Amino acid sequence: LQSDAESAFTGASDSDALEQARVAFLGAKNGQFKDVQKMLGGIESSDKRAAGMRLNEVKNAINKAFEQAQGSVGGGGDAQIDATFDPSLPGTRPTLGHVHPITQTIDHLTEIMGRMGFEVAEGPEVEDPWHNFVSLNIPEDHPARDPLDNFYLATASVNDSDRSSETGEGQRLLRSQTSTVQIRVMKSDEPPIRIISLGRVYRPDAPDATHFPMFHQMEGLLVDRNVTMANLKTVLRVFANNYLGDDVEIRFRPSFFPFTEPSVEVDFLWNGTWIEFGGAGMVDPNVFKAVGYDPEKISGFAFGLGVERLCMRRHGITDIRDFYSGDLRFLQQF
Ligand code: PHE
């Protein structure tokens, strides 16, 4: 059987003939090897072991002969292709996807802040009102909690008493700011703290060139002994110089946020114009109390910058909607 199979395989002139020979000898249904294998059942049990081993040897030899024959038939095929194959022609490049410009920006910002010792922290996009408002010193009657300014989730099971309670227990919303992550970090860690958090936030704004209902923020938080506003300004200036350029200047304008005191708007002077990039300030003592820190012992600063805005400035993008329209002509430029 072995030599029959070997000569059938070597005699096969093309791959069709070889396939026929394979079926004849190795076919699972009516192959000749199968027939021999079936005979094993009728053999005396004392001889079975030796017969089985011999059968395996034959099987391996036939398989090997088949593989060799396959190689030489295949080689013939390649020779045919070679005649028409011109290796000097340029190949067809497969189209590869690449990282979205916002993700690239997030990586870049993370790298710059990392050099100043800021580690990345993350928090959920679906938040409860305690993390999004209450702990951040935003009381129940504050306009920032208005349902018209937030995406409250209808799916969260809320009963009426929860809905009206000051903590908003049971309610869920898409976070409107990454400041929620400040709270999560301070709840789980002790000072000193030096983190950034980059992620999506949601506000029901009508889309236009500068607004989109979902965008990204870079939150920063530094808590330690004797932290001052000067530290905040230095960190933001070094950041702006790294991301936008050496000639960029920074300006603070007085402002108000419930979770910082004092609070400022952060502007960068770039190409002759002052542009607002976000808010910042010294962490309000009420926020420290909400997370169980002693405001007499430590201080800290926090900031929140718009990631799209930074990316748009750096790359001269004029419409925020371009990031999210999925237009490849835009995306492929990055
Ligand atoms: N959370 C604020 C906003 O979304 C920005 C901010 C962050 C301000 C941290 C002060 C401190 O507008």
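This structure is a prediction, so every number in the text was calculated from the model and none was measured. (Residues numbered from 1 in each chain as written. Predicted model: local features only at pLDDT ≥ 70, side-chain atom pairs only at ≥ 80, totals over all residues. Heavy atoms only, no water.)

Draft legend 1. A look at the pattern of salt bridges. Applying the stated criterion across every chain, the model contains 12 salt bridges. For the salt bridge of Glu127 with Arg184, the shortest nitrogen-to-oxygen distance reads 2.7 Å. Placement of the pair is Glu127 in strand 2 (residues 126-127) and Arg184 in helix 8 (residues 179-188), with a sequence separation of 57 residues. The closest approach of N and O atoms between Asp327 and Arg329, which form a salt bridge, is 2.7 Å. Here Asp327 falls in the partly exposed class, since its relative accessible area comes to 27%. (Salt bridge = Lys/Arg side-chain N within 4 Å of Asp/Glu carboxyl O. Helix = DSSP H or I, 4+ residues; strand = E, 2+ residues; numbered from the N terminus. Buried < 20%, exposed > 50% of the residue type's maximum accessible area, 1.4 Å probe, protein only.)

Draft legend 2. Representation of the site of the ligand. Contacts to the ligand come from 14 residues, most closely from Gln177, Ser179, Arg203, Gln217 and Gly304. In the model, a nitrogen atom of the ligand is placed 3.0 Å from a nitrogen or oxygen of the Ser179 side chain. A distance of 2.9 Å is found between an oxygen atom of the ligand and a side-chain nitrogen or oxygen belonging to Arg203. Protein contact buries 90% of the 330 Å² of open area that the ligand shows by itself. Counting only elements with at least two residues in the shell around the ligand, the list comes to helix 8, strand 6 (214-224), strand 9 (273-283) and strand 10 (299-306). In terms of residue count, the dominant contributor to the shell around the ligand is strand 10 (three residues). (Near = heavy atom within 4 Å. Polar contact = N/O pair within 3.5 Å; in protein donor to acceptor, adjacent residues only side chain to side chain. Areas by Shrake-Rupley, 256 points an atom, 1.4 Å probe, with all protein chains shown as cover.)

Draft legend 3. Molecular detail of the sheet that holds strand 1 (residues 119-120). Taken together, the seven strands give an open sheet; going across it, the order is 1-5-6-10-9-8-7, and neighbouring strands pair in mixed fashion. Looking at the sheet topology across the chains shown, the edges are occupied by strand 1 and strand 7 (249-257). Summarising the sheet, strand 7 and strand 8 (residues 260-270) pair through eight bridges and their orientation is antiparallel. Paired with Ile250 across the strands is Phe268, a residue of strand 8. Sheet contacts for helix 8: strand 5 (193-202), strand 6 and strand 10; angle to strand 6, the most-contacted strand, approximately 40°. Taken strand by strand, helix 9 (residues 229-243) contacts strand 6, strand 7, strand 8, strand 9 and strand 10, and its axis lies near 30° from that of strand 10. (Pairing = 2+ DSSP bridges. Contact = heavy atoms within 4.5 Å. Axes fitted to C-alpha atoms, helices over the stretch in contact; angles between N-to-C directions.)

By themselves, these observations are geometric and do not establish any function.
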